[in-house]
Amino acid sequence: MVAPRRRRVEVTELAQRDLASLGSETPVIAQLAARMLRELAAGTVTGDALQDLPFDGDLSGCFKLKFGVGQPPSHRIVYREMPNQTVEVLEVVVIESRDDAYVYLLAAARLGKLPATSQPKLKRVHQTVVARRSARRKKGE
């Protein structure tokens, strides 16, 4: 009988910033994301495979975990499996809102797989997300 490989979840520095940003905006979302990361590390959840999307970039080899509020859940964690012979390494690339495909555009950009034609869309959606978060923070002050 083959022993199951150990699993390690590595959250990139940018994904850690995503989590911190979400936490300052909506602490409950950050708590849900942290719980999903623990479950991913424990192997109790697995993500759905992503694919090469013409406008959002080639995310084949990546997976998404759904979490958040609402139906469908408001946020996604995008991760990929990294080659390793002894330990299953899952690298978390982005933790973000799914609004306007922001999470997927950002993941493709971080992985260097965002088509040049989609750069303006990412910039536009990013500005919208930043403005919305700024407005929410001002309301909370």
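Data block above holds the structure.
Let us look at the structure shown here. The shown structure was predicted, so the numbers you read here are calculated from the model rather than taken from an experiment. (Residues numbered from 1 in each chain as written. Predicted model: local features only at pLDDT ≥ 70, side-chain atom pairs only at ≥ 80, totals over all residues. Heavy atoms only, no water.)

With respect to helix α1 (residues 13–25)
With 13 residues, α1 should reach 18 Å at 1.5 Å per residue; the first-to-last C-alpha distance of 19 Å fits that figure. Those residues of α1 not exposed but buried are Ala15, Asp18, Leu22 and Glu25. Down the axis, α1 shows its buried residues gathered within 80° of arc, on one side only. Along α1, exposed side chains directed more than 90 degrees from the buried face belong to Glu13 and Ala20. (Helix = DSSP H or I, 4+ residues; strand = E, 2+ residues; numbered from the N terminus. Expected span 1.5 Å × (residues − 1). Buried < 20%, exposed > 50% of the residue type's maximum accessible area, 1.4 Å probe, protein only. Arc of directions from axis to C-beta.)

Concerning the packing of aromatic side chains
Aromatic rings considered in pairs are described by the distance between their centres and by the relative angle of their planes. Scanning the model with the defined rule gives one aromatic pair in all. Taken together, a centroid distance of 5.4 Å and an interplanar angle of 25° make the contact between Phe63 and Tyr79 stacked. Separated by 16 residues along the polypeptide, Phe63 in strand β5 (residues 62–67) and Tyr79 in strand β6 (residues 75–82) bring together distant segments of the chain. There is no split in this pair, since Phe63 and Tyr79 are both buried. (Phe/Tyr/Trp six-rings, centres within 6.5 Å; stacked < 30°, edge-to-face > 60°.)

Here we look at the pairing of β5
A large share of β5 lies buried, amounting to five of its six residues. Pairing between strand β2 (residues 48–49) and β5: two bridges, direction antiparallel. Following the sheet pairing, Asp48 is matched in β5 by Lys64. Of the strand pairs in this sheet, β5 and β6 are connected by six bridges, and their pairing is antiparallel. (Pairing = 2+ DSSP bridges.)

Everything listed is a geometric property; what it means functionally is a separate question.
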